[in-house]
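Secondary and tertiary structure notes
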Amino acid sequence: MVEFLRQLVAIPSQAGSDDPAAIVQVASAWLTENEVRHQRLGSARNPRALVINPPTQASDEVLLLNACLDTAPVGDLAQWQYPPFGGVEHEGWLHGRGSADSKAAVAIFSEIARTVALTARKPVNGRLRRTTLVFDNDEHSGRFGGIKAYTAKFGFPAFCAIGYPGPRHVVVGSRGFYRTVLTLRGALGHSGSASVPAELAMAKLQRLLAGLEKVQAQGTPADENFPLRPRASVTWIRTGARAYALTPAKIGCGLDIRLTPGFDREAAGRFLAELLAGIARETGDAHPSSLGPVNCWPAYRTPDEALLPRLLQSCAREALGHAPAFSVSGPSNIGNYLAMHGTQVVSGFGVEYLRIHGPDECVKLDSIPGIHAAYALAAQRFLDGYA
């Protein structure tokens, strides 16, 4: 597993900048060499995912093990002590972009596919159980193309465990998101004019940024089942000509509002509408703001007593000697997409790591065997009829 992980880390697979086919070729070659049958989804130049042991009938009851092959960007190379694609080992840690998110999980799940029978010998309650693996190659782009291509072809699985790193928690829920493009408009004018225009797009942006901070007070209070609050961010801004003498007439910005069970899509829409109405009253509305289409995935929380959380927690206890606690994550993931279509999701349990998405991202190598043992045991017990 460690050697395969080194091979994967050595292949740059940054979403949006590297050749998406290169990492799939390396993973596919390992699977072929180890006699693991698999198929690619997407085109040869732009493969979306690798799939192992997909369902053959609509009635199959699937436990999907998911991990991504593509990675976040490297960022500023000057901040890296170790080369991001070097797979350098130092004091028991393997460094490299994607080592934690989520090439270690790809290596672990691939070893399970190599050594564990993935399909039950007999049906459970009339349904044939199988463990299916999906290695997503279009996750960090934000398009989630791999899992969407899988569900379009094979349908939604009954269960899904995502191999995001961290051995101390089984993540059973995540905040959702409400995303849109907001265009703020105002008067075009000379930046040195003796009179300041009454309606400035930049003034609207300043009020927007201040108003978004109030989102954390919205919705029902956080509780032990979902302890996180909503959050709102402007994630990118595009504005004006590159000229010092003009005030911009139009500012486009990306809005990302993180949802909770007590602050859903409708609540986010009302909050944003009220915020924009207040800005219009303060600055004027001769140049109205406008919103683009909304992309939204709701928050989700899989109950602690559901089958998959119990199964993975109990297997982790046996493999690691302790029971990881259940928790909820702030970032969204494909678990939100699957959960809103009825899949029971665990969206995190994996290797020990440091600095995910940051410089010198790394994983602790001696954490790999225990995580492998936990997932292998869970896959076997699922096929044996765990209920």
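The structure we're discussing is the one just above.
Now for a look at the structure at hand.

How each quantity is defined
Residues numbered from 1 in each chain as written. Predicted model: local features only at pLDDT ≥ 70, side-chain atom pairs only at ≥ 80, totals over all residues. Heavy atoms only, no water. Axes fitted to C-alpha atoms, helices over the stretch in contact; angles between N-to-C directions. Helix = DSSP H or I, 4+ residues; strand = E, 2+ residues; numbered from the N terminus. Parallel < 35°, antiparallel > 145°, perpendicular 65-115°, else oblique. Left-handed = near helix turned anticlockwise from the far one by under 90°. Contact = heavy atoms within 4.5 Å. Nonpolar A, V, L, I, M, F, W, Y, C, P; charged D, E, K, R; others polar. Phe/Tyr/Trp six-rings, centres within 6.5 Å; stacked < 30°, edge-to-face > 60°. Buried < 20%, exposed > 50% of the residue type's maximum accessible area, 1.4 Å probe, protein only. Lys NZ or Arg CZ within 6 Å of the ring centre and 35° of its normal. Pairing = 2+ DSSP bridges. Core = buried A, V, L, I, M, F, W, Y, C linked by side-chain atoms within 4.5 Å.

Helices that pack against each other are described as a pair by the angle of their axes relative to one another and the distance between those axes. Between helix 7 (residues 307–320) and helix 9 (residues 368–383), the shortest axis-to-axis distance is 8 Å and the interhelical angle comes to 135°. As the angle between them shows, helix 7 and helix 9 are arranged oblique. Crossing of helix 7 over helix 9 shows right-handed handedness. Residues Leu311, Leu312, Cys315, Ala316, Glu318, Ala319 and Leu320 of helix 7 form the contact with helix 9, whose own contacting residues are Gly370, Ile371, Ala373, Ala374, Tyr375, Leu377, Ala378, Arg381 and Phe382. Grouping the constituent residues of the contact of helix 7 with helix 9 by class yields 13 nonpolar, one polar and two charged.

We now examine the packing of aromatic side chains. By the definition in use, this model includes 10 aromatic pairs. For the pair phenylalanine 156 and tyrosine 337, a centre-to-centre distance of 5.5 Å together with 55° between the ring planes defines the contact as tilted. Of this pair, phenylalanine 156 sits in the loop between helix 4 (145–154) and strand 7 (159–162) while tyrosine 337 sits in helix 8 (residues 334–339), and the two are 181 residues apart along the sequence. Judged by relative accessible area, which is 34%, phenylalanine 156 ranks as partly exposed. Seen from the ring of tyrosine 337, lysine 148 lies directly overhead, with NZ or CZ sitting 6.0 Å from the centre. The ring of tryptophan 236 carries arginine 238 above its face, with NZ or CZ at 4.4 Å from the centroid.

Attention now goes to the pairing of strand 13 (residues 250–259). Most of strand 13 is tucked away: nine of the 10 residues are buried. Across 10 bridges, strand 9 (residues 176–185) lies against strand 13 in antiparallel orientation. Looking across to strand 13, one finds that arginine 185 is bridged to lysine 250. In terms of strand pairing, strand 11 (residues 231–239) meets strand 13 through eight bridges, oriented antiparallel. Paired with isoleucine 237 across the two strands is cysteine 253, which belongs to strand 13.

Ordered by their spatial adjacency, six strands build an open sheet running 1-2-6-3-7-18, and the pairing between neighbours is mixed. Edge positions in the sheet fall to strand 1 (39–42) and strand 18 (344–346), since each has one partner strand and no second. Strand-to-strand twist in this sheet, taken as the mean axis angle between neighbours without regard to direction, amounts to 20°. Both strand 3 (residues 61–68) and strand 6 (residues 129–136) contribute to a ladder of eight bridges, which runs parallel. Bridged to leucine 63 within strand 6 is threonine 131. This element, helix 3 (residues 99–115), spans strand 2 (47–52), strand 3 and strand 6 of the sheet and lies at about 140° to strand 3. Each of strand 3, strand 6, strand 7 and strand 18 touches helix 7; the most contacted strand, strand 18, lies at about 35° to it.

Here we come to the nonpolar core. Grouped together as the largest cluster of nonpolar side chains are 54 residues, with contacts concentrated most on Leu69, Phe109, Phe135 and Tyr375. Looking at this core, the element that brings in the most residues is helix 3, giving nine residues. When residues no more than four places from it in sequence are discounted, the contact partners of leucine 69 are Leu8, Ser13, Ile23, Val24, Ala27, Leu50, Lys103, Val106, Phe135, Asp136 and Asn137. Within the second largest apolar cluster, 23 residues are counted, among which are Leu208, Ala267, Ala268 and Cys296.

Now for the environment of tryptophan 93. Within the fold, tryptophan 93 resides in strand 5 (residues 93–95). Sequence separation of tryptophan 93 and tyrosine 375 is 282 residues, and the distance between their C-alpha atoms is 21 Å. Setting aside chain neighbours within four positions, we find tryptophan 93 in contact with Val88, Glu352, Tyr353, Leu354, Cys362, Val363 and Lys364.

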